[in-house]
Amino acid sequence: MELEADHRSKNLPWWTWLLPILLFQAGTQVSLYFQYAQGVADLYFPTAISIILVNWWGFWRVVPAIYLNATLSTGLWGIENPMLWPLYAVPETILTILSWLLFSRLMKGKYWLPNVTSLIQFTFFGVLVPILVEIGLLEFLLIGFNEHRTDQALDFYIRNFLGEFTSCFGLVLPVLYFGSPALHQKSLLFRSSERVSLSPTEVKSRRDWIELALVYALLLVLNYFVPFLRFWFIYGFFSLYIAIRFGFGATTVTNYFIFCITYFIPELIQRAEHISRIQQQDVTNILLGTLLLYVFAAFTGRVISDLKITEATLQFKNKELQQTNRELDRFVYSASHDLSAPLKSVRGLINISRYDPNAVNLYLEKMEISITKLEEFINEILDYARNKRMDVDLEAVRLKDLCQEVINNLKFMEGYPLVTIRIQVDPEVRVISDRMRLKMVVSNIISNAVKFQRKQVAAEIEIRCRQEMSNTIIEIQDNGIGMKPETQAKIFDMFYRGTDAEKGSGLGLYIAREVVEKLRGSITVKSELGEGSQFTIRLPQ
Ligand code: ADP
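Residues numbered from 1 in each chain as written. Predicted model: local features only at pLDDT ≥ 70, side-chain atom pairs only at ≥ 80, totals over all residues. Heavy atoms only, no water.

Enquirer: Would you explain empty space enclosed by the protein in this entry?
Expert: Over the atoms rolls a probe the size of a water molecule, and in doing so it shows where empty space is left. Taken as a whole and assessed by the stated rule, the structure comprises three cavities of 30 Å³ or more. There is about 270 Å³ of room inside the largest cavity. For the largest cavity, the lining is made up of 18 residues, of which Gly39, Tyr44, Trp77, Glu92 and Leu138 are closest to its centre. The set of elements that each furnish at least two residues to the lining of the largest cavity consists of strand E2 (40-41), helix H4 (59-73), helix H6 (90-106), helix H7 (116-144) and helix H8 (153-185). Residue composition of the lining of the largest cavity, grouped by class: 11 nonpolar, four polar and three charged. (1 Å grid on protein atoms, 1.4 Å probe; cavity = no way out; pocket = protein on both sides within 12 Å on 5 of 7 lines; lining within 4 Å. Points joined across faces, edges and corners; volume = space filled by probe spheres on them. Helix = DSSP H or I, 4+ residues; strand = E, 2+ residues; numbered from the N terminus. Nonpolar A, V, L, I, M, F, W, Y, C, P; charged D, E, K, R; others polar.)

Right, dumping it as structure tokens:
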């Protein structure tokens, strides 16, 4: 069922069906140079390639291709009876399926390996377990059909395991780590909805690049004088150094580089001429050294990278916290002032009315104004608290209806009868967003446009909405008093008021920005003093 859905739901280009089989065949051809007995090789690349591709392009593009390649290539490995080829192709197909099933499906593994947990899951479920099963099955077949002797089975098993693990782990890590985000950008991944990202790069400055190049040059020189077979731990120090200095990404590449210069390239060239530099019994030692070096350095690098990411996140959060603290201080100070001013005014009015009972009605009217101001201010604080505390409640919101509702609620506002409001919004335009929050923002901007109208001209407000890529854009334009550039820069600050000519707390636009940010959008202003202003709200779909 799930396989079916996978198969149909993605739009990858046609060549993603063809490329796997070509890559598997190329991998087979290279691996053939590393064959050391009937049906077995020191390095085997098709399985490594299949682990990469099954994570990128899913089950159907990769599993049939590896089976087909393995079936057609079994003859090249010295198994002459064609009837047995489909059988010998089973183990590596099972490896691919197991890796996909355990890591990708069961663990929901993050194959771009963004943290130590995904690296551990990948090592065990994506590589180790599938390989152990695969070579067990292969050895079983080879013994069953008298290609290998039973007393050699353990030797073959260990050597096969080391070779396969080395080629799978070594090749796969850097390709998945660097390749996945690159393919994601080009929409060439099967599970395209996931957010695939690289850790913030650890090699940053020019000095870092020079240092890295120097280490690589040193490794090349070292390779000339110090044989890997006996002194692999010296290479290990280099790898650990890179892990500690630069983290995971650089380490995976360094490991691969060491493997290529010390073993893979020289051996490939020699074996192409049917000779080997290395004694057969030493191969196991080389592979064991490579494996230890790979695993230790890769895990050290991953842990170091995770630490750096955690540190950076902590620093960021700390800055955010300091900012919030500062805002809170200012809030308490300004709010207590704004709350006490109307109260003082009411108390004053009560006192005066005691001495002037004839004018009580006039004083009551003034008190009402003060109390309304207080009420408005408290409502704004409540809006702020609601936005902070409540979860975003998404629904399909028809923007035209929403604007109409907001305008109806503003009907009794001072100055409203003098304004002509035009809603240029297609009734069908909808946005998936939080209705209550959206109303808060639109209401605030329109009420400002009503409040800050120019007396000399007929006041006009125009509301427009449009869809742009994956954003919905709401524009609210007025021909009011407008603002100087210095004012525009500050209007979204807490308690900022650009003018004393009109009533207000200076909280409205601050809250509007907070709300829009909570909706993962943005709010901007363009304004000309004496001409008018335009507010633009950009919301993600
Ligand atoms: P308040 O309206 O309570 O003063 P706001 O945060 O809503 O607070 O607005 C901050 C300031 O931005 C206002 O004091 C005003 O100077 C300026 N402003 C906002 N909207 C407009 C507008 N449409 N035209 C001119 N100035 C505006």
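Enquirer: Would you take a moment to explain the layout of surface pockets for this structure?
Expert: Approximately 460 Å³ is the volume found for the second largest pocket. Lining the second largest pocket are 15 residues; nearest its centre among them are Thr324, Glu327, Lys388, Glu514 and Glu517. Broken down by secondary-structure element, the contributors of at least two residues to the lining of the second largest pocket are helix H12 (280-355), helix H13 (360-389) and helix H17 (508-518). A per-element tally of the lining of the second largest pocket places H12 first, with six residues.

Enquirer: Help me understand unusual backbone geometry, please; the structure alone is not making it clear to me.
Expert: Trans is the prevailing form of peptide bonds, just as negative phi is the prevailing case for residues other than glycine. In this model, leucine 113 sits at a positive phi of 50 degrees, which is unusual for a non-glycine residue. Residue placement: leucine 113 occurs in the loop between H6 and H7. Here asparagine 146, not a glycine, exhibits a phi torsion of approximately 60 degrees, which is positive. Along the chain, asparagine 146 turns up in the loop between H7 and H8.

Enquirer: Looking at this model, I keep getting lost on the site of the ligand. Mind explaining?
Expert: In the vicinity of the ligand, 22 residues are found, and the nearest of them are Asn448, Asp478, Gly498, Gly506 and Leu509. Here an oxygen atom of the ligand sits 2.9 Å away from a polar atom, N or O, in the main chain of glycine 506. Within the backbone of glycine 508, a nitrogen or oxygen atom sits 3.4 Å from an oxygen atom of the ligand. Surface burial for the ligand is 97%, taken as the share of its 530 Å² of free accessible area covered by protein chains. Of all the elements in the fold, those that place two or more residues in the shell around the ligand are helix H15 (435-451), H17 and strand E9 (532-540). Residue contributions to the shell around the ligand peak at four residues, all from H15. Here the residues of the shell around the ligand sort into nine nonpolar, 10 polar and three charged. (Near = heavy atom within 4 Å. Polar contact = N/O pair within 3.5 Å; in protein donor to acceptor, adjacent residues only side chain to side chain. Areas by Shrake-Rupley, 256 points an atom, 1.4 Å probe, with all protein chains shown as cover.)

Enquirer: Where do I start with the packing of aromatic side chains in this structure?
Expert: Two numbers describe a pair of aromatic rings. These are the distance of the centres and the angle of the planes. Enumeration according to the criterion identifies 31 aromatic pairs in this entry. With a centroid separation of 6.0 Å and 35 degrees between ring planes, the pair formed by phenylalanine 259 and tyrosine 263 is classed as tilted. Taken together, the residues phenylalanine 259 and tyrosine 263, both in helix H11 (residues 248-272) and four residues apart, mark about one turn of the helix. Just as phenylalanine 259 is buried, tyrosine 263 falls in that class too. Between arginine 159 and the ring centre of tyrosine 36, over which it is positioned, the NZ or CZ distance is 3.7 Å. (Phe/Tyr/Trp six-rings, centres within 6.5 Å; stacked < 30°, edge-to-face > 60°. Buried < 20%, exposed > 50% of the residue type's maximum accessible area, 1.4 Å probe, protein only. Lys NZ or Arg CZ within 6 Å of the ring centre and 35° of its normal.)

Enquirer: Could you clarify how one ought to interpret the nonpolar core in this entry?
Expert: Soluble globular proteins: nonpolar side chains tend toward being buried together. By size, the foremost hydrophobic cluster in this structure holds 77 residues, and its most contacted members are Trp56, Phe122, Leu219 and Tyr263. Counting residues per element, this core draws most heavily on H8, which supplies 11 residues. Among residues more than four places away in sequence, those in contact with tyrosine 263 are Phe34, Asp42, Leu43, Ile258, Arg271, Arg277, Ile278, Val283, Ile286 and Leu287. Counting 49 residues, the second largest nonpolar core, distinct from the first, contains Ala335, Phe377, Tyr384 and Met440. (Core = buried A, V, L, I, M, F, W, Y, C linked by side-chain atoms within 4.5 Å. Contact = heavy atoms within 4.5 Å.)

Enquirer: Whenever I open this one, the environment of valine 441 confuses me. Can you help?
Expert: Tracing the sequence through the fold places valine 441 in helix H15. A sequence separation of 395 residues divides valine 441 from proline 46, and the C-alpha atoms of the two residues are 57 Å apart. Not counting residues up to four positions away in its chain, the partners in contact with valine 441 are Ala512, Val515, Val516, Ile523 and Ile537.

Purely spatial values, then, with no claim about function.
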